[in-house]
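# Notes for the structure review
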Amino acid sequence: MVGAQYGDRVATDESARPRNGDDTARFRLTVVDQALRLFAERGYEATTVDEIAEAAGISRRTFFRQFRSKEDVIFADHESQLAQVAEFLAAAHVDPWEAVCAAVVQVFERFTQWREIAERRYRVVRRVPALREREIVTVFRYERLFTDYLRERLPEAPDLARVQFTAAVTATHNYLLRRMVRGESDAGAADLRVELAAIPRGVGRGPGAGELVVAVFPRDMPPRQVADLVTRQLGSL
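Description of the structure in this document. (Residues numbered from 1 in each chain as written. Predicted model: local features only at pLDDT ≥ 70, side-chain atom pairs only at ≥ 80, totals over all residues. Heavy atoms only, no water.)

### Re the pattern of salt bridges
Short version of the rule: Note on definitions: salt bridges are taken to be side-chain nitrogens of Lys or Arg within 4 Å of carboxyl oxygens of Asp or Glu. Each residue's exposure class comes from its accessible area (1.4 Å probe, protein chains only) as a fraction of the maximum for that residue type: buried when under 20%, exposed when over 50%, partly exposed otherwise.
According to the stated counting rule, one finds 20 salt bridges in the structure shown. Arg126 is paired through a salt bridge with Glu135; the nearest N and O atoms lie 3.1 Å apart. Overall, the relative accessible area of 18% leaves Glu135 in the buried class.

### A look at helix 9 (residues 129-153)
Formally: Put simply, DSSP marks the helices as runs of H or I at least four residues long and the strands as runs of E at least two long, and each gets a number from the N terminus on. Multiplying 1.5 Å by the helix residue count minus one yields the expected span of that helix. Contacts: residue pairs with any heavy atoms within 4.5 Å of one another.
With 25 residues, helix 9 should reach 36 Å at 1.5 Å per residue; the first-to-last C-alpha distance of 37 Å fits that figure. All buried positions along helix 9 are accounted for by Leu131, Arg134, Glu135, Thr138, Tyr142, Phe146, Thr147, Tyr149 and Leu150. Looking at the buried positions of helix 9, the neighbouring elements they touch are helix 5 (70-74), helix 6 (76-90), helix 7 (96-113), helix 8 (115-127) and helix 10 (159-181).

### Description of the side chain of Arg201
Definition in use: The definition of a polar contact used here is a pair of N or O atoms within 3.5 Å, where within protein one atom must be able to donate a hydrogen and the other to accept one, and adjacent residues in sequence count solely through side-chain atom pairs.
Here Arg201 shows up in the loop between helix 11 (189-197) and helix 12 (223-235). Judged by its relative accessible area of 14%, Arg201 is buried. A distance of 3.0 Å separates a polar side-chain atom of Arg201 from the backbone oxygen of Leu196. Reaching out from Arg201, the side chain makes a polar contact with the backbone oxygen of Ile199 at a distance of 2.6 Å.

### Here's the deal with the environment of Leu154
The residue Leu154 is located in the loop between helix 9 and helix 10 in this model. A relative accessible area of 6% means that Leu154 is categorised as buried. In this structure, the C-alpha to C-alpha distance between Leu154 and Pro96, residues 58 residues apart in sequence, is 7.5 Å. Other than its neighbours up to four places away in sequence, Leu154 contacts Pro96, Trp97 and Arg162.

Here's what the structure looks like:
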């Protein structure tokens, strides 16, 4: 059996099999990494499942136990991300709007940790129309997860407000992520938090939703700083 680098050791097919949840995530990420490397070097269509399995140090059978196709392996880490987001949102949160923003920031932070994988995937997906369509579907799954969560936790909020919010949050994340993988920006999680804070929350948020808020600021404070402070404070109400 062909060996492949897995963590700090060379793994055979049998030893590379995941034993628990953490091992499964790490194992799948290793295969994703190898697949994207081959796709970038040889082209998506020209790369076979057998070549991916060999590069990852696993058998064809093991590959298909974890992934249904070459297309699935490209987006496999998103499955893990979606599961972690769902788990995070299932916990208790004081402000559901802020919970969605926090979940988005966590996704962004994980992609920055796997920046090389994100960069490779971006280059591969741009070249293959079918993969671009799959990417659109994947983005929608995040939006739907966020919208369903807000529908459950904020049933009194207008549905359009919920949909607009989750669309804006997802688009903001994707914009900063794409700029990062294209080498156009070094924006980090802190930058994303600032941009997310500027996205309007829906009305009808329950207690205090119709209250008037009065803010007092020093006369010489720059208008942009006033706007930023107001946005952050209103977002936390």
